[in-house]
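# Close look at the chain arrangement
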Amino acid sequence: MSVLSWQKSSYCGTGEACVHVATAAPGAAVKVAGSADPGKDHLTVSPAAWTAFLQSVKGAPRVGQG
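Residues numbered from 1 in each chain as written. Predicted model: local features only at pLDDT ≥ 70, side-chain atom pairs only at ≥ 80, totals over all residues. Heavy atoms only, no water.

Another point: the pairing of strand 3 (residues 30–34). With 4 of 5 residues buried, strand 3 is to be regarded as a mostly interior element. Relative to strand 3, strand 2 (residues 19–23) is paired through 5 bridges, and the arrangement is antiparallel. Looking at the pairing, Val21 lines up with Val32 of strand 3. Where strand 2 folds back on strand 3, the antiparallel hairpin that results is connected by 6 residues, among which Gly27 adopts a positive phi of roughly 85°. Here strand 3 runs beside strand 4 (residues 43–45); their pairing, made up of 3 bridges, is antiparallel. Of the residues in strand 4, the one forming a bridge with Val30 is Val45. (Buried < 20%, exposed > 50% of the residue type's maximum accessible area, 1.4 Å probe, protein only. Helix = DSSP H or I, 4+ residues; strand = E, 2+ residues; numbered from the N terminus. Pairing = 2+ DSSP bridges.)

So, in structure tokens, the structure goes:
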């Protein structure tokens, strides 16, 4: 089993409600989780789906900024 290295979203502030993302290797499935326990409960998506999601939200206003 591969060890995942979880990365905290750059959109997170100082609060606890953040999104974490991990992959086991380049091109591998992307794991997406909340801050509560990223290693326990997560959503798995394909690299293509993750890229499409990122492209769809790129440039979108942050919550509370418009």
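The rest of the description comes next.
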